[in-house]
Amino acid sequence: MGKIINGIQQIGIGVKNVNEVFNWYRKNLGFDVMVFNDEATATLMSKYTGDEPRKRKAALALNMIGGGGLEIWQFKDREPMAPVQPILLGDLGINIMKLRSKEVVNIHKSLKELNLEYVSEIDILSYGFEQFIFTDPWGNLVQVLNDDYCFSDSKSDCGGVLGAVIGVSNMDKSISFYKDLLGFDIVEFDKTQQFDDFKNLPEGYHEFRRVLLKRGCVKKGGFGELFGPSEIELIQVLNRTPSKIYKDRFWGDLGYIHLCFDVHGMEKLRNDASDLNYAFTVDSADSFDMGDAAGHFSYVEDPDGTLIEFVETHKVPILKSLGIYVNLKKRNPQKPLPRWLVKAMKVHQVKKDI
């Protein structure tokens with residue numbers, strides 16, 4: 001069987017305090033199911049952490065409405081660095097995290113009441129969807145986009161990660177990467193101009209080429225229905241030279257550190273990446289153990305060095321207190337887990353600050 005890319009599993013965020021960030025996203029945006037929260041040494045990532053292993057704390061938070069989660073990541077043996085210079089729209093790397101919501105007006109109102117540094121007005125994107133953009137308390141740009149997909153009902157007005165806005169230097173080359181390796185083969189939107197919804201973002205008044213890529217709802221794999229549809233938005237600023245967001249910094253420093261996809265068939269994926277001249281830069285080769293979760297992970301770089309992670313999950317906790325785990329290695333990789341079983345992960349819901 002070939003490779004299967006089930007959807008966006010999570011987006012990684014480098015932070016100074018895991019608990020503080022988890023508590024804010026839990027209370028305000030519905031990321032309240034904690035899959036793991038542990039401390040260890042990131043031995044395999046030394047290529048991106050100054051050629052030495054680094055101690056870290058990491059938590060994976062899910063939003064059960066559906067979509068990818070947040071891997072909230074903190075160095076424990078060094079002070080994480082902020083960007084060397086302010087991030088400008090179109091700089092190379094993950095610029096904006098996209099979240100889905102069926103209740104854009106409600107979540108906009110609640111975020112306005114928090115007196116955040118920046119919350120745009122609601123507008124209609126050039127490709128037809130109601131949205132707004134805000135800055136979280138740590139300076140990360142987040143877009144909330146109208147999207148009706150729902151895996152499980154929740155009290156939250158906001159769902160999980162729908163995708164990301166990624167700055168690139170060569171649009172056609174980047175489209176090929178995300179299409180040929182990751183299967184984002186539907187060009188939903190491709191336009192070059194100045195964009196009203198960008199104009200209030202840092203250097204957002206420039207002319208951009210903006211391309212929205214989709215795969216549709218791929219309901220494959222154990223957790224494919226939880227992750228739901230996803231999208232990648234590529235932006236190329238045309239009248240200034242963009243900088244690399246992680247230039248002279250480590251993976252794990254402050255900001256969006258990677259975009260992670262849940263996959264099956266890592267060997268096939270490894271071969272495909274190599275054939276496309278995007279060889280794995282990190283490969284756990286067999287299996288990793290993150291306390292309550294286990295699997296096989298790898299990384300590639302997109303044409304501008306943005307880190308894309310692949311995780312082939314082997315074991316995930318459903319009811320830890322009863323010792324109930326799902327062994328995905330023994331299942332048909334194209335068959336979703338029963339919805340009731342995935343929804344049982346709500347027992348890991350966190351209802352107060354940690």
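Residues numbered from 1 in each chain as written. Predicted model: local features only at pLDDT ≥ 70, side-chain atom pairs only at ≥ 80, totals over all residues. Heavy atoms only, no water.

Caption draft 1: Just the side chain of Gln10, in detail. With respect to the secondary-structure elements, Gln10 resides in strand S1 (residues 4-15). Overall, the relative accessible area of 3% leaves Gln10 in the buried class. Looking at Gln10, its side chain comes within polar contact range of the side chain of Glu309, at 3.3 Å. Setting aside anything within four residues of it in sequence, one finds Gln10 in contact with Leu60, Gly68, Gly69, Leu70, Glu71, His258, Leu259, Cys260 and Glu309. (Helix = DSSP H or I, 4+ residues; strand = E, 2+ residues; numbered from the N terminus. Buried < 20%, exposed > 50% of the residue type's maximum accessible area, 1.4 Å probe, protein only. Polar contact = N/O pair within 3.5 Å; in protein donor to acceptor, adjacent residues only side chain to side chain. Contact = heavy atoms within 4.5 Å.)

Caption draft 2: Up close: the packing of aromatic side chains. Within the structure shown, the criterion is met by 16 aromatic pairs. Arranged with centres 6.4 Å apart and planes meeting at 45 degrees, the rings of Trp24 and Phe134 form a pair that is tilted. With Trp24 in helix H1 (residues 18-29) and Phe134 in strand S7 (residues 130-135), this pair connects stretches of sequence that are 110 residues apart. Comparing Trp24 with Phe134, the two get one shared label, buried. Ring geometry for Phe189 against Phe195: centres 6.4 Å apart, planes inclined by 55 degrees, an arrangement best described as tilted. (Phe/Tyr/Trp six-rings, centres within 6.5 Å; stacked < 30°, edge-to-face > 60°.)

Caption draft 3: Representation of the environment of Thr306. Relative to the assigned elements, Thr306 resides in the loop between strand S16 (293-301) and strand S17 (307-319). Note: C-alpha distance between Thr306 and Leu92 (214 residues apart in sequence) is 7.3 Å. Among residues more than four places away in sequence, those in contact with Thr306 are Leu92, Gly93, Ile94, Ile166, Val300 and Glu301.

Caption draft 4: The pattern of salt bridges, seen in detail. A full pass over the atoms with the stated rule returns 22 salt bridges. Between Asp91 and Arg240 there is a salt bridge, and its shortest N-O distance comes to 2.9 Å. Residue Asp91 is found in the loop between strand S4 (69-75) and strand S5 (93-101), and its partner Arg240 is found in the loop between strand S12 (231-237) and strand S13 (255-264); the two are separated by 149 residues along the sequence. Here the two residues Asp91 and Arg240 agree in accessibility, since each one is buried. In this structure, the salt-bridge partner of Glu225 is Arg339, at a minimum N-O distance of 3.4 Å. Taken as a pair, Glu225 in helix H4 (residues 224-227) and Arg339 in helix H6 (residues 339-343) lie far apart in primary sequence, 114 residues in all. A single network of salt bridges, built from pairs that share partners, joins Lys98, Asp197, Arg210, Lys214, Glu231 and Glu233. (Salt bridge = Lys/Arg side-chain N within 4 Å of Asp/Glu carboxyl O.)

Caption draft 5: Examining the pairing of strand S9 (residues 161-167) more closely. Of all seven residues making up S9, seven are buried, and the element is well covered by its neighbours. With five bridges connecting them, S9 and S12 associate as parallel partners. Bridged to Val165 within S12 is Glu233. (Pairing = 2+ DSSP bridges.)

Caption draft 6: Region of the structure containing the nonpolar core. The biggest cluster of nonpolar side chains holds 58 residues, and the ones touching the most others in it are Leu29, Phe134, Tyr178, Leu182, Phe261 and Phe310. At six residues, H1 tops the list of elements feeding residues into this core. Ignoring anything within four residues of it in the chain, the contact list for Phe261 reads Ile5, Gly7, Ile8, Gln9, Leu182, Phe184, Ile232, Ile308, Glu309, Phe310 and Val311. Counting 32 residues, the second largest nonpolar core, distinct from the first, contains Tyr48, Met64, Val282 and Met345. (Core = buried A, V, L, I, M, F, W, Y, C linked by side-chain atoms within 4.5 Å.)

Caption draft 7: Helix H5 (residues 266-275), seen in detail. All of the buried residues along H5 are Met266, Leu269, Asp272 and Ala273. Down the axis of H5, the sector holding all buried residues measures 120 degrees, keeping them to one side. The exposed set on the far side of H5, more than 90 degrees from its buried face, consists of Glu267 and Asp275. Asn277 sits one or two positions beyond H5 and adopts a positive phi of about 65 degrees. (Arc of directions from axis to C-beta.)

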